[in-house]
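Inside the fold
Spelled out from the first residue to the last, the chains are:
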Amino acid sequence: MGYGVSPHMKLKVRVVHYRHDCWYADIDDADDRQPDDPYWYADGCRTQADAIALACSQLAALDQAVAAGTFPHRISETVAA
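What you see is a predicted model; the values in this text were computed from it and never measured.

A few points about the overall build of the protein
When you go through the protein residue by residue, the secondary structure sums to 2 helices and 3 strands. Listing the helices and strands of the protein from first to last along the sequence gives β-β-β-α-α. Looking at the 81 residues of the protein, the share that counts as buried comes to 30%. Counting contacts in the protein only where the partners sit at least 6 residues apart, residues at least 24 apart contribute 44% of the total.

Quick look at the structure:
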């Protein structure tokens, strides 16, 4: 198995307010100390609630994918070079 999400992995959602009108959210491995390569991210959410809702819906989609036997990969692994 590669570096994708596994059924036993602990994922975390991180939400950061980095400008007065902009929130960032990502989903990553809870044990990953380097947050530079998440499984998913959203940049430019207008409110904290928007960022949390978007991240939660994506986390649910990742959970459904894993339950269906499809293991998503990190963003860097899915982008064609």
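Some words on the confidence of the model for the protein
Scored by pLDDT, the protein has a mean of 83; 88% of the residues are at 70 or more. Looking over the protein, one finds the lowest element-wise mean pLDDT in helix α2 (residues 75-78), namely 78, and the highest in strand β2 (residues 22-29), namely 93.

Describing the side chain of Asp28
Relative to the assigned elements, Asp28 resides in strand β2. Residue classification places Asp28 among the buried residues on the basis of a relative accessible area of 0%. Setting aside chain neighbours within four positions, we find Asp28 in contact with Lys10, Leu11, Lys12, Gln34, Pro35, Asp37, Pro38, Tyr39 and Arg74.

Section: the sheet that holds β2
Spatial strand order, β1-β2-β3: 3 strands in an open sheet with antiparallel pairing. Both edges of this open sheet fall to β1 (11-19) and β3 (40-45), since each of them pairs with a single strand only. Taken over all neighbouring pairs, the strand axes of this sheet differ in orientation by 15° on average, direction set aside. As judged from the 8 bridges shared by β1 and β2, these two strands associate in the antiparallel manner.

Quick look at the nonpolar core
In terms of nonpolar packing, the biggest core is built from 9 residues, these being Trp23, Ala25, Ile27, Trp40, Ala42, Cys45, Ala51, Ala55 and Leu62. Mapped onto this core, the elements with two or more residues apiece are β2, β3 and α1 (48-67). Aside from chain neighbours lying at most four places away, what touches Trp23 is Val15, Val16, His17, Tyr18, Ala42, Asp43, Gly44, Cys45, Arg46, Thr47, Gln48 and Ala51.

Brief notes about the packing of aromatic side chains
Taken as a whole, this structure holds 1 aromatic pair when the rule is applied. Considering the side-chain rings of Tyr24 and Tyr41, the 6.0 Å spacing of their centres and the 25° angle between planes classify their relative orientation as stacked. Taken together, the positions of Tyr24 in strand β2 and Tyr41 in strand β3 put the pair 17 residues apart, joining distant regions of the chain. For Tyr41, a relative accessible area of 44% gives the class partly exposed.

Scoring rules and cut-offs
- Residues numbered from 1 in each chain as written.
- Predicted model: local features only at pLDDT ≥ 70, side-chain atom pairs only at ≥ 80, totals over all residues.
- Heavy atoms only, no water.
- Helix = DSSP H or I, 4+ residues; strand = E, 2+ residues; numbered from the N terminus.
- Buried < 20%, exposed > 50% of the residue type's maximum accessible area, 1.4 Å probe, protein only.
- Contact = heavy atoms within 4.5 Å.
- pLDDT = per-residue confidence, 0-100.
- Pairing = 2+ DSSP bridges.
- Axes fitted to C-alpha atoms, helices over the stretch in contact; angles between N-to-C directions.
- Core = buried A, V, L, I, M, F, W, Y, C linked by side-chain atoms within 4.5 Å.
- Phe/Tyr/Trp six-rings, centres within 6.5 Å; stacked < 30°, edge-to-face > 60°.

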